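# Structure assessment
Here's the letter readout for the chains.
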Amino acid sequence: MSAIDSLPPLREVIARHDLSAKKALGQNFILDLNLTARIARLAGDLSGADVLEVGPGPGGLTRGLLAMGARRVLAVEKDPRCLPALAEIAAAYPGRLEVLQGDALAVDALARLTPPIRIVANLPYNVGTELLVRWLTPPVWPPVWASLTLMFQREVAERIVARPGDDAYGRLALLAQWRCDAQIVLSLPPEAFTPPPKVHSAVVHLTALPAPRYPADPLVLNRVVAAAFNQRRKMLRSALRGIAPDIEGLLEAAGIKPTARAEEIGLEQFCALARLLQG
Ligand code: SAM
């Protein structure tokens, strides 16, 4: 019996349901239920919250979320082999776990949940960044979700929390930090997973701010930041030449030296430039 619930240990569940890990599905499972409970706790207060979990696999994190009191968990899993194992968890927590079989990129799972909503996932690495970008770019802000607690490979986690001047600083940092607080809250070595991946991993916790940190039109800001970082080693006056006729004047008006490079410029200045471009 495990410490967090009365269900069998995950090794037994995996053996019984023949859930040998498939690399193509990014299957690196966490079998330590104390660790999955710890990740669930990092998501904040789950009681009274609906939780979206992507990629429950054999259900270690799912069990953590339910044991930590989530009002309801909707788990979206692509691999149909996992369904019988997840059904056993659903039976142990009547009415609190719904499993949706399918590709998380193709189903509108958030529409099925009631706020407050927290998204918690040990993401498949091949779809993690795409899902994050989608969650960070809803049609309106604030989004329906209150927080994201997501496992990434360490290098992606560093790109999300990076600051100007860091090697990892770029589009993802600006996108995430414009409208969220973002922090790495846990780092994990490859051995924490079965089978161990080649890379280290980290959990990032993002909370949605009620409004963007600085005003800007999302599309204009995205266009400027994309152009600036597509040629991150160039001076901004050349990297952004195609964006507006008098880009040097606009850069100066935004308080940015035209000879500076994208990696030195903070969110506030990028937003100021986006506002000037829109004007
Ligand atoms: N949550 C489990 C854990 O922590 O042990 C499993 C995590 S494993 C890294 C990623 C899971 O995502 C696998 O169960 C895999 O089958 C599933 N998956 C992969 N691609 C998916 C997709 N596009 N949509 C939904 N689930 C997916």
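This is a predicted model, so every value here is computed, not measured.

For the rest of this paragraph, the subject is unusual backbone geometry. In this chain, Pro115 is followed by Pro116 through a cis amide linkage whose omega measures 0°. The topology assignment puts Pro116 in the loop between strand 3 (97-101) and strand 4 (117-122). Trp141 connects to Pro142 through a cis peptide bond whose omega is 5°. The phi torsion at Asp18 lies on the positive side, around 55°, for a residue other than glycine. If you trace the backbone, Asp18 turns up in the loop between helix 1 (10-16) and helix 2 (33-42).

Taken as a whole, this structure holds three aromatic pairs when the rule is applied. Consider the rings of Tyr169 and Phe229, whose centres lie 5.7 Å apart with planes at 80°: the pair is edge-to-face. Here Tyr169 is found in the loop between helix 6 (154-161) and helix 7 (171-179), whereas its partner Phe229 is found in helix 8 (residues 218-230), with 60 residues between them in sequence. No difference in accessibility class separates Tyr169 from Phe229, as the two residues are buried.

Moving on to the site of the ligand. Taken together, the neighbourhood of the ligand is formed by 20 residues, with Ile30, Gly55, Glu77, Asp103 and Asn122 sitting nearest. At 2.9 Å, a backbone N or O of Ala104 approaches a nitrogen atom of the ligand. Protein contact buries 99% of the 590 Å² of open area that the ligand shows by itself. By residue class, the composition of the shell around the ligand is eight nonpolar, seven polar and five charged.

Direction vectors running N to C along helix 5 (residues 125-136) and helix 7 enclose 35°, while the axes themselves pass 10 Å from each other. Crossing angle aside, the handedness with which helix 5 passes helix 7 is left-handed. Across from Thr129, Leu132, Val133 and Leu136 in helix 5, the residues of helix 7 making contact are Leu172, Leu175, Ala176 and Arg179. In terms of residue class, the contact of helix 5 with helix 7 is built from six nonpolar, one polar and one charged.

A word on the sheet that holds strand 3. What the seven strands build is an open sheet, ordered 3-2-1-4-5-7-6; its pairing is mixed. This sheet does not close on itself; its edge strands, each paired only once, are strand 3 and strand 6 (180-188). For this sheet, the mean angle separating the axes of adjacent strands, direction not counted, is 20°. By the bridge criterion, seven bridges tie strand 5 (residues 145-153) to strand 7 (residues 201-208) in an arrangement that is antiparallel.

The subject of this paragraph is the domain arrangement of the chain. Domains assigned within the chain are domain 1 (10-208) and domain 2 (218-278). Computed from C-alpha atoms alone, the centre-to-centre distance between domain 1 and domain 2 is 34 Å. Of the residues lining the interface, 11 residues belong to domain 1; the matching set on domain 2 comes to 15 residues. Note on domain 1 versus domain 2: buried area summed over both sides is about 960 Å², and carbon and sulfur give 67% of it. If you look at where domain 1 meets domain 2, you find zero salt bridges. Taken together, the residues that form the side of domain 1 that touches domain 2 break down as four nonpolar, three polar and four charged.

Helix 3 (residues 60-67) packs onto helix 2 with a crossing angle of 55° between their chain directions and a minimal axis gap of 8 Å. Regarding the angle of helix 2 to helix 3, the classification is oblique. Crossing angle aside, the handedness with which helix 2 passes helix 3 is right-handed. Counting all contacts with helix 2, which are made through Leu33, Thr36, Ala37, Ile39 and Ala40, the residues of helix 3 involved are Gly60, Leu61, Arg63, Gly64 and Leu65. Of the residues in the contact of helix 2 with helix 3, the class split is six nonpolar, three polar and one charged.

Procedures and definitions
- Residue positions are given per chain, counting from 1 as you read along its sequence in written order.
- At least 70 in pLDDT is required for a residue's local features to be given in this predicted model, at least 80 for side-chain atom pairs to be given and counted, and no such filter applies to totals for whole chains, interfaces and linings, which use all residues.
- Computation of side-chain values: all heavy atoms of the structure, hydrogens and water removed.
- Strands are runs of DSSP state E lasting at least 2 residues, helices are runs of H or I lasting at least 4, and numbering of each runs from the N terminus.
- Note on aromatic contacts: the rings of Phe and Tyr and the six-membered ring of Trp form a pair at centre separations within 6.5 Å, being stacked when their planes are under 30 degrees apart, edge-to-face when over 60 apart, and tilted otherwise.
- For every residue, the accessible area obtained with a 1.4 Å probe (protein chains only) is divided by the maximum for its type, and the residue is called buried under 20%, exposed over 50%, and partly exposed between those limits.
- The near set for a molecule or strand comprises every residue that places at least one heavy atom within 4 Å of it.
- Any pair of N or O atoms that falls within 3.5 Å is considered a polar contact. Within protein, one atom must be able to donate a hydrogen and the other to accept it, and sequence-neighbouring residues count only if both atoms are side-chain atoms.
- Areas reported here follow the Shrake-Rupley algorithm with a probe of radius 1.4 Å; residue values treat only the protein chains shown as occluding.
- Under the convention adopted here, Pro, Cys and the residues Ala, Val, Leu, Ile, Met, Phe, Trp and Tyr are nonpolar, Asp, Glu, Lys and Arg are charged, and Gly plus all remaining residues are polar.
- Note on definitions: angles span 0 to 180 degrees between N-to-C directions of axes, and those axes are lines fitted to C-alpha atoms, for helices only across the stretch in contact.
- With the far helix as reference, a near helix turned anticlockwise by less than a right angle produces a left-handed crossing, and one turned clockwise produces a right-handed crossing.
- Throughout, a contact is declared for two residues whenever any of their heavy atoms are within 4.5 Å.
- One bridge is not enough; two strands pair if DSSP finds at least two bridges between them.
- Domain start and stop positions are those given by an automatic or database domain assignment.
- The quantity reported as buried area is the accessible area (1.4 Å probe) lost by two parts once they are put together, taken as the sum for both.
- Just to be clear on terms, a salt bridge is a Lys or Arg side-chain nitrogen sitting within 4 Å of an Asp or Glu carboxyl oxygen.
- Geometric relationships in this document are graded by angle, where less than 35 degrees denotes roughly parallel, more than 145 denotes roughly antiparallel, 65 to 115 denotes roughly perpendicular, and other angles denote oblique.

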